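Below are the chains, spelled out letter by letter.
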Amino acid sequence: MSAATYLSEFAKEYNISEELASQILKEALMAIYKKKFGKDYDNLYVEVGKKINLYQVKNVVENVKDEITEITLEKAIENNKSKKELKIGDAIKVPLDINIFGRQMPQILKQLIKQKIVEIHKDIIYNEYKNRVGELFVGKIKSKVEGKNAGYYVSLEPKDVEAFLPMSHVLPDEEFERGNIIKAILIKVNEANSSEEAQLILSRTTEDFVKQLLILNVPEFSDGTFVIKSMARKPGEVTKLVIASNNESIDPVSVTVGKQGVRIKPIRAELGSERLELIRWSDDPKILIKNAIVTSRVLKNRIVEIHHMHFNWDEKKVSVVVPNEFVAPLIGKKGTHQKMLEKITGWNITFIPYSEYEIQLAEKQKEVDKILGITPEEEVEFIEEESIPIEMLPF
């Protein structure tokens, strides 16, 4: 096989140009040359034709001090294949026997070429994907990795580029098999010289993953009709989205769900058992907080009933009175659910059991009665004297 044919097949195998293949070959040979003669020597000349010919470029001198880079005029004339007349100070290419590198040279060359190819591909991938962090990709599961750095290797469409989905970025109830088609968001692109084994890192647990699913399935989010005002996510459990419409005639919640849930179903399919709560935005904090709380499905088949809300407008704090059984689930384990509500509303929320609220009301009533000088007995008499027959009530 001629050198030209070898380079052509080499270029096709690694999907690179013949010019780049030739450059890689020359760089690999230079690396072997430096290992043989020393890192400071770079006077190797590679000629690729029917064969691969190697030469040492040497300076013509009177007295040779370095045989690797210098040659006497007499020997230069002996090696001169051109008709050019030589003199002291000229440079000449002296043929170099490839066998000088030893029997292992072909194997070493092959390894170096592969290493160079990997480095080049990493540079290409980095430059192509470094500005695409946050995009949603479709890919096919290639293999699963166990152990400390567990996860899945994924082949991204349409270029069959390899990416890695760490197990820490997989939803708790998910398990993939080879050949499964998945969607994931690109969260990191490692540079070519990074010590990380994988260059493209994917995730299915970030908030942006849900955002991109909405943009993919609901056109109003991509064209700007709908906007996500705020969101909070606990992967595998719940995602809360506060959404608004820039068109007052279009309701963001019902349109996002779609007729018979046609739009929301593909998103829920990607999220598995994770709940997706769509909350209608309002400029009025009272309405927004109420919407956020009422939308929370913390008790099965029951909607939260809000008895009272007390606002501290200066400190952006609100106390919300709810039935006793709703307090613990609304707060959540280690305050997780409460923090999610605070994140999406921008308010510090305190949940108060209705029974405690009744006690507080009774205490306040006593304080008022004391100020007015009304005794409990007088209060009862007053109520009896002022009682009105039920048929006379205006409702």
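Our subject in this report is the structure included herewith. (Residues numbered from 1 in each chain as written. Predicted model: local features only at pLDDT ≥ 70, side-chain atom pairs only at ≥ 80, totals over all residues. Heavy atoms only, no water.)

### With respect to the pairing of strand S9 (residues 200–203)
Item 1. Judged by which residues are buried, S9 turns out to be covered on both faces: Leu200 and Leu202 on one side and Ile201 and Ser203 on the other are all buried.
Item 2. As judged from the four bridges shared by strand S8 (residues 181–189) and S9, these two strands associate in the antiparallel manner. Paired with Lys188 across the bridge in S9 is Ile201. (Buried < 20%, exposed > 50% of the residue type's maximum accessible area, 1.4 Å probe, protein only. Helix = DSSP H or I, 4+ residues; strand = E, 2+ residues; numbered from the N terminus. Pairing = 2+ DSSP bridges.)

### With respect to the sheet that holds strand S15 (residues 348–353)
Item 1. Read from one edge to the other, the open sheet built from three strands follows the order S13-S14-S15, with strand pairing classed as mixed. Of all the strands in the sheet, just strand S13 (308–312) and S15 have a single pairing partner and so form its edges. Between one strand and the next, the sheet's axes are offset by a mean angle of 20°, whatever the strand orientation.
Item 2. Summarising the sheet, S13 and strand S14 (residues 317–322) pair through five bridges and their orientation is antiparallel. Bridge pairing links Met309 to Val320 in S14.
Item 3. The sheet strands contacting helix H9 (residues 285–295) are S13, S14 and S15, and the helix crosses S13 at an angle near 130°. (Axes fitted to C-alpha atoms, helices over the stretch in contact; angles between N-to-C directions. Contact = heavy atoms within 4.5 Å.)

### A short note on the sheet that holds strand S10 (residues 226–234)
Item 1. Across the sheet, three strands lie side by side as S10-S11-S12; this open sheet has mixed pairing. At either margin of the open sheet sits one strand with a lone partner, and together these are S10 and strand S12 (275–280). For this sheet the average axis-to-axis angle between neighbouring strands, irrespective of direction, equals 20°.
Item 2. Relative to S12, strand S11 (residues 238–245) runs parallel, the two being bridged by six bridges. Across the sheet, the residue bridging to Val238 is Arg275, located in S12.
Item 3. Its contacts with the sheet place helix H8 (residues 264–271) against S10 and S12, and it is angled at close to 135° to S12.
Item 4. Here helix H11 (residues 336–345) sits on the sheet in contact with S10, S11 and S12, set at roughly 160° to S10.

### Things to note about empty space enclosed by the protein
Item 1. For the structure shown, the criterion picks out one cavity of 30 Å³ or more.
Item 2. There is about 40 Å³ of room inside the largest cavity.
Item 3. If you trace the largest cavity, you find it lined by Lys122, Asn190, Glu191, Ala192, Ser194, Glu196, Glu197, Ala198 and Gln199.
Item 4. Residues of the lining of the largest cavity, tallied by class, amount to two nonpolar, three polar and four charged. (1 Å grid on protein atoms, 1.4 Å probe; cavity = no way out; pocket = protein on both sides within 12 Å on 5 of 7 lines; lining within 4 Å. Points joined across faces, edges and corners; volume = space filled by probe spheres on them. Nonpolar A, V, L, I, M, F, W, Y, C, P; charged D, E, K, R; others polar.)

### What about the packing of aromatic side chains?
Item 1. Overall, the coordinates contain ten aromatic pairs when judged by the stated rule.
Item 2. Their ring planes at 70° and their centres at 5.4 Å tell us that Tyr152 and Phe176 sit as a pair that is edge-to-face. A residue pair is termed long-range when its members are at least 10 positions apart, and Tyr152 in strand S6 (residues 151–156) and Phe176 in the loop between strand S7 (161–166) and S8 qualify at 24 residues. Here Tyr152 matches Phe176 in class, with each residue buried.
Item 3. With a centroid separation of 5.6 Å and an interplanar angle of 75°, the aromatic rings of Phe221 and Phe226 are classed as edge-to-face. The pair formed by Phe221 and Phe226 is uniform in burial state, with each residue classed as buried.
Item 4. Each member of the aromatic cluster is reached from another via a ring pair, and the members are Phe311, Trp313 and Trp347.
Item 5. Positioned above the aromatic ring of Tyr55 is the side chain of Lys93, whose terminal nitrogen or guanidinium carbon lies 5.3 Å from the ring centre.
Item 6. Over the aromatic face of Trp281 sits the side chain of Lys229, whose NZ or CZ is 4.8 Å from the ring centroid. (Phe/Tyr/Trp six-rings, centres within 6.5 Å; stacked < 30°, edge-to-face > 60°. Lys NZ or Arg CZ within 6 Å of the ring centre and 35° of its normal.)

### Structural notes on the environment of Leu171
Item 1. Structurally, the position occupied by Leu171 is in the loop between S7 and S8.
Item 2. Its relative accessible area of 2% is what places Leu171 among the buried residues.
Item 3. Sequence separation of Leu171 and Gly272 is 101 residues, and the distance between their C-alpha atoms is 8.4 Å.
Item 4. Not counting residues up to four positions away in its chain, the partners in contact with Leu171 are Arg204, Thr205, Arg233, Pro235, Gly236, Glu270, Leu271 and Glu274.

### A short note on unusual backbone geometry
Item 1. Between Glu157 and Pro158 the backbone carries a cis peptide bond, its omega angle lying at 0°.
Item 2. Relative to the helices and strands, Pro158 is located in the loop between S6 and S7.
Item 3. Unusually for a residue other than glycine, Asp160 sits at a positive phi of about 60°.
Item 4. Note that Asp160 resides in the loop between S6 and S7.
Item 5. Residue classification places Asp160 among the exposed positions, given a relative accessible area of 57%.
Item 6. With a phi angle near 55°, Lys334 is a residue other than glycine that sits in the positive phi range.
Item 7. One can find Lys334 in the loop between helix H10 (324–331) and H11.

### Looking at the pattern of salt bridges
Item 1. Scanning all chains against the criterion turns up 20 salt bridges.
Item 2. Several salt bridges converge on common partners, so that one network encompasses Glu174, Lys183, Arg204 and Glu270. (Salt bridge = Lys/Arg side-chain N within 4 Å of Asp/Glu carboxyl O.)

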